[in-house]
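Residues per chain are reported as follows:
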Amino acid sequence: MTVLVALRDWDIDAWVARLRRELPGRNIVTLGEPFDRRAVHYAVSWKHPPGSLAGLPNLSAIFSLGAGVDHLMGDDRLPDVPIMRVVDPDLTSRMSEYIILHCLKILRQQMRYVRQQAERLWEDDRDQPAAADVRVGIMGMGVLGQDAARKLRMIGFDVAGWSRTARSASSVVIEGVEVFTGEEGLAPFLARTDILVCLLPLTDDTRGILDSKLLSGLARTGRTGGAHLINAGRGGLQVEADILACLDDGTLASATLDVFQTEPLPQASPLWTHPRVDITPHNAAMSAPATIARLVAEQIARAERGEPFQHAVDRSRGY
Ligand code: NDP
Ligand code: OXD
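Asks: Could you give an account of the side chain of R302, naming the residues involved and the relevant values?
Replies: The topology assignment puts R302 in helix α10 (residues 289–304). Taking the relative accessible area as the measure of exposure, R302 reaches 18% and is therefore buried. At 2.9 Å, the side chain of R302 and the backbone oxygen of P308 are in polar contact. Excluding residues that lie within four positions of it along the chain, R302 makes contacts with E307, P308 and Q310.

Listed below in structure tokens is the structure:
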């Protein structure tokens, strides 16, 4: 039984080595070598070249090596087999670390002190807000959004969330966290938000959602000196020209971006040098080969014991 590893952008050797360790006795092959297409039962993918998983007659499942599956949905020749995504405590904790780091950076005005140090300037702020004075709004109250919400609440932030369905909102029970839903919940959610955290998946419904219209709905009179955006979901969610315009006209006080419309972020992008933009190279929550290869092996073992796969993607929703 063969497992096909179909990756772009990531270190394929590290993944193959880990998968071989976790799946002893299986034939692990890559797209770049000759292999028997009829022997492939499973494929693991991160941004595989579109069409490269077609023509595998015995394929029974595809595993995304990330939590997001937009990289699969763009392939119009994707085989009609179950798709599983990563849900893993290690990846979830990493994302929460990132969100907490940047919410605290805004709360404690860290960028101001970095600038002051460069100028040897000793100037403090005696009117420092408490975490409870700052309203964080999380778009996307799934696995990652809920964990970040819980941890931000523990620190004391005033947290709310926004998700697609009321059903999911009622199942998200985090003390003190109100979950708004759908289009009608969006305006009130934004109006009570000083720091907007985006952890949405990229789908037909969410593409370009972070535009001027949405950002202008954020609160700007809170204790954070204006509205702030943190996007660690996907670059396709944001309209970068609108974010720059919003920074320049005061709609946004800062933007912290881990993901971009084009990755790597082109050298010519004005985001690189904007004084109120913080950039990280799409590494808010990395998929670690050691952990994720084990998850794939566990999923295969489940299927071969006759148990259902976990964390299957709903293709009609796109996430
Ligand atoms: P989940 O599928 O668990 O959660 C998605 C959430 O988004 C759900 O609450 C869902 O609502 C909500 N949602 C989806 N569509 C809409 C919509 N149209 N309107 C409002 N809410 C919507 O995903 P995860 O939390 O595991 O991951 C979220 C995303 O984070 C991934 O898709 C990926 O793009 C990104 N990511 C980025 C990483 C990085 O390093 N930068 C690392 C890992 C993930 P509902 O609950 O109603 O279904
Ligand atoms: C993911 C990612 O989706 O790393 O897991 O972006």
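Asks: Mind laying out the site of ligand 2, listing which residues take part and the relevant values?
Replies: In the vicinity of ligand 2, the contacting residues are W46, G66, A67, G68, R234, H282 and A285. Residue A67 places a main-chain N or O atom 2.7 Å away from an oxygen atom belonging to ligand 2. One of the side-chain N or O atoms of R234 is found 2.7 Å from an oxygen atom in ligand 2. Protein burial of ligand 2: of its 210 Å² of free accessible surface, 90% is covered by the chains.

Asks: Describe the pairing of strand β10 (residues 228–231), listing the residues and the values that go with them.
Replies: Taking every second residue as pointing to the same face, both faces of β10 are buried, with H228 and I230 on one and L229 and N231 on the other. Pairing of β10 with strand β11 (residues 254–257), which is carried by four bridges, proceeds in the parallel orientation. Its bridge partner lying in β11, I230 is registered against T256. What joins β10 to β11 is helix α9 (residues 240–248), and the crossover it makes is right-handed.

Asks: Outline the sheet that holds β11, supporting the account with residue identities and numerical values.
Replies: Strands sit in the order β8-β7-β6-β9-β10-β11-β12 across an open sheet of seven strands; the sheet is parallel. Each edge of the open sheet is held by one strand with a lone partner, namely β8 (178–181) and β12 (277–279). Geometrically, the sheet is characterised by an average inter-axis angle of 15° between neighbouring strands, direction not taken into account. Of the strand pairs in this sheet, strand β6 (residues 135–139) and strand β9 (residues 195–198) are connected by four bridges, and their pairing is parallel. The residue of β9 that forms the bridge with M139 is C198. Where helix α3 (residues 89–107) meets the sheet, it contacts β6, β9, β10, β11 and β12, and its direction lies at approximately 165° from that of β10. Its contacts with the sheet put α9 on β10, β11 and β12, and the angle it makes with β11 is roughly 150°.

Asks: Break down the packing of helix α1 (residues 12–22) against α10 for me, citing the residues and quoting the values.
Replies: Interhelical geometry of α1 versus α10 gives an angle of 45° and a closest axis separation of 9 Å. It follows that α1 is oblique to α10 by the angle criterion. Pair α1 / α10 crosses with right-handed handedness. Where α1 approaches α10, its residues A14, W15, R18, L19 and E22 are matched on the opposing element by P289, A290, I292, A293, R294, V296 and A297. When grouped by side-chain class, the residues that make up the contact of α1 with α10 number nine nonpolar, no polar and three charged.

Asks: Explain the environment of R38 residue by residue, including any values.
Replies: Tracing the sequence through the fold places R38 in the loop between β2 (27–30) and β3 (40–46). Each C-alpha atom of the pair R38 and F157 lies 54 Å from the other, and the pair is 119 residues apart in sequence. Not counting chain neighbours up to four residues away, the residues in contact with R38 comprise P57 and N58.

Asks: So what's going on with the sheet that holds strand β4 (residues 61–64)? Which residues, and what values?
Replies: With respect to topology, five strands assemble into an open sheet ordered β2-β1-β3-β4-β5, the strand pairing being parallel. A single partner strand is all that each edge strand has here, and the edge strands are β2 and β5 (83–84). Here strand β1 (residues 2–7) pairs with β3 via six bridges, running parallel. Counted as the bridge partner of L4 is A43 from β3.

Parameters at a glance
- Residues numbered from 1 in each chain as written.
- Chains lettered and ligands numbered in written order.
- Predicted model: local features only at pLDDT ≥ 70, side-chain atom pairs only at ≥ 80, totals over all residues.
- Heavy atoms only, no water.
- Helix = DSSP H or I, 4+ residues; strand = E, 2+ residues; numbered from the N terminus.
- Buried < 20%, exposed > 50% of the residue type's maximum accessible area, 1.4 Å probe, protein only.
- Polar contact = N/O pair within 3.5 Å; in protein donor to acceptor, adjacent residues only side chain to side chain.
- Contact = heavy atoms within 4.5 Å.
- Near = heavy atom within 4 Å.
- Areas by Shrake-Rupley, 256 points an atom, 1.4 Å probe, with all protein chains shown as cover.
- Pairing = 2+ DSSP bridges.
- Right-handed = clockwise from strand over helix to strand, strands pointing away.
- Axes fitted to C-alpha atoms, helices over the stretch in contact; angles between N-to-C directions.
- Parallel < 35°, antiparallel > 145°, perpendicular 65-115°, else oblique.
- Left-handed = near helix turned anticlockwise from the far one by under 90°.
- Nonpolar A, V, L, I, M, F, W, Y, C, P; charged D, E, K, R; others polar.

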